[in-house]
Amino acid sequence: MAILSPHWTLAFGLLGNVVSFMVFLAPIPTFYKIYKKKSTQGFQSVPYVVGLFSAMLWIYYALLKSNAFLLITINSVGCVIQTVYIVIFLYYATKNAKLQTIKLLVGMNVVGFGMIIGLTQFVAKGTASRVTIVGWICLVFSLCVFVAPLCVVRQVIRTKSVEYMPFLLSFFLTLSAVMWFFYGLLLKDVNIAVPNVLGFSFGIIQMVLYMMYKNAKNITTESQKLPEFQDQIIVLDDQKFPELSEQIIDVMKLSALASKPMATPTTTPTRHENQVPVVVPPPALPMQPVAVA
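Residues numbered from 1 in each chain as written. Predicted model: local features only at pLDDT ≥ 70, side-chain atom pairs only at ≥ 80, totals over all residues. Heavy atoms only, no water.

Naming follows an unreviewed UniProt entry, where the chain appears as Bidirectional sugar transporter SWEET of Heracleum sosnowskyi. One UniProt comment on the chain, placed under Function (unreviewed entry), says "Mediates both low-affinity uptake and efflux of sugar across the membrane." (UniProt positions renumbered as here; feature names shortened; annotations may be inferred.)

Have a look at this one:
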């Protein structure tokens, strides 16, 4: 196993590059939807800003190490792709969403990353200490990359809709976590292996939620079609209110008899006076729809 370890490390590193590349491409359907509708709708920029920051950190970490070239290759590609996503988001986002995204970008990717480089280069002594410090920072922000898509989990549970939680992203994140876990394990790098354990767990949770709610219908779709009538019309059920229904019928009968004129030899009832009003029950509105899994 010791002889094959470098080969297995290279194999998992290459597989990690391939799967991670697919992870970076997974949001393409989401951004195509944004492009078609000319609106970011309920999507958020946080996962892509955090992903960009994480890729920048891993590049810096790999440059400090001597045997992590595969981290440089995939995260360089990731920086380019994540930047494209953020630019598209900013183009179609609302004014408030743009401001929030720009603040996050400046605070995290400019100020935060600049401070990390400055502190590790001028405060930390020696390459080993720099690698340790940056490695722990990478570990924390790798967890943020995996946790970031979970910001919509609460919305998925509340609305029973997976519209804003792409399945492909969750699936490839889970697969990528497996590859990079074994890569870090074989490389004996805790900073790479540990966060991918939680990444795998979070990915499983997202996919389970997707399978639970992928066919669920929005419970408010039909109720929004007749808002005026639902507020103004009350349908009486004869089985629930039998006494009230009988009283209404009795009142209508008395009204019909009272409307008849007394028969006299000199008068002839008109056509309208002979008519007895007929009670036509209003059409029953459809029952409140229930979400069907």
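From this point on, the discussion continues.
Asks: So what exactly am I meant to see when it comes to helix 9 (residues 190–213) here?
Replies: For an α-helix, 3.6 residues make a turn, and residues three or four places apart therefore share a direction. Taking 1.5 Å per residue, 24 residues should reach 34 Å; helix 9 reaches 36 Å between its end C-alpha atoms and fits that length. The complete set of buried residues in helix 9 reads N191, I192, A193, P195, N196, G199, F202, G203, Q206, M207, L209 and Y213. (Helix = DSSP H or I, 4+ residues; strand = E, 2+ residues; numbered from the N terminus. Expected span 1.5 Å × (residues − 1). Buried < 20%, exposed > 50% of the residue type's maximum accessible area, 1.4 Å probe, protein only.)

Asks: What's the story with the nonpolar core in this structure? I'm lost.
Replies: Among soluble globular proteins, nonpolar side chains are generally buried collectively. Of all hydrophobic cores here, the largest spans 50 residues; its most connected members are Y61, L71 and Y183. Here this core gets 14 residues from one element, more than from any other, and that element is helix 3 (residues 46–64). Leave out the neighbours within four places in its chain, and L71 touches W58, Y61, A62, W180 and I192. Listed in part, the seven residues of the second largest apolar core include V152, V153, V156 and L209. (Core = buried A, V, L, I, M, F, W, Y, C linked by side-chain atoms within 4.5 Å. Contact = heavy atoms within 4.5 Å.)

Asks: What's the story with the UniProt feature "transmembrane region" (unreviewed entry) in the chain in this structure? I'm lost.
Replies: As annotated by UniProt and renumbered to match this structure, "transmembrane region" (unreviewed entry) occupies residues 12–34, 46–63, 69–92, 104–124, 130–152, 164–186 and 192–213. What you have in residues 12–34 is 91% helix and 0% strand, and the ends, taken at the C-alpha atoms, are 34 Å apart. The distance separating the terminal C-alpha atoms of residues 69–92 is 36 Å; by composition the span is 100% helix and 0% strand.

Asks: Which parts of the structure should I look at to understand the packing of aromatic side chains?
Replies: The description of an aromatic ring pair rests on the distance of the ring centres and on the angle between the ring planes. Evaluation of the coordinates by the stated rule reveals twelve aromatic pairs. Taken together, the ring pairs connect W8, F12, F181 and F182 into an aromatic cluster. Just above the ring of Y35 sits the side chain of K38; from NZ or CZ to the centre is 4.1 Å. (Phe/Tyr/Trp six-rings, centres within 6.5 Å; stacked < 30°, edge-to-face > 60°. Lys NZ or Arg CZ within 6 Å of the ring centre and 35° of its normal.)

Asks: For this particular structure, what's the right way to read helix 1 (residues 5–25)?
Replies: In a regular helix each residue adds 1.5 Å, so 21 residues correspond to 30 Å; helix 1 covers 30 Å between its end C-alpha atoms and thus fits that length. Tucked into the core, helix 1 has its buried residues touching helix 4 (69–92) and helix 8 (167–187).

Asks: Explain the environment of Y48 here, please?
Replies: Its place among the elements puts Y48 in helix 3. On the basis of relative accessibility, which here comes to 10%, the residue Y48 falls in the buried class. Sequence separation between Y48 and P27 is 21 residues; the distance between their C-alpha atoms is 9.6 Å. Not counting residues up to four positions away in its chain, the partners in contact with Y48 are P27, T30, F31, Q82, Y85 and I86.

Asks: Mind showing me how you'd approach the packing of helix 2 (residues 28–37) against helix 4 here?
Replies: When two helices pack together, their arrangement is given by the angle between the helix axes and by the axis-to-axis distance. Two elements in contact, helix 2 and helix 4, have axes separated by 10 Å at closest approach and are oriented at 25°. Judged on the interaxial angle alone, helix 4 and helix 2 are roughly parallel. The way helix 2 lies across helix 4 gives a crossing that is left-handed. Listed contacts from helix 4 to I28, F31, I34 and Y35 of helix 2 are Y85, I88, F89 and Y92. Residue composition of the contact of helix 2 with helix 4, by class: eight nonpolar, no polar and no charged. (Axes fitted to C-alpha atoms, helices over the stretch in contact; angles between N-to-C directions. Parallel < 35°, antiparallel > 145°, perpendicular 65-115°, else oblique. Left-handed = near helix turned anticlockwise from the far one by under 90°. Nonpolar A, V, L, I, M, F, W, Y, C, P; charged D, E, K, R; others polar.)

Asks: Would you mind showing me how to read the environment of Y60 here?
Replies: Mapped onto the fold, Y60 is located in helix 3. On the basis of relative accessible area, Y60 is assigned to the buried category, the value being 9%. Between the C-alpha atoms of Y60 and L71, which are eleven residues apart in sequence, the distance is 9.7 Å.

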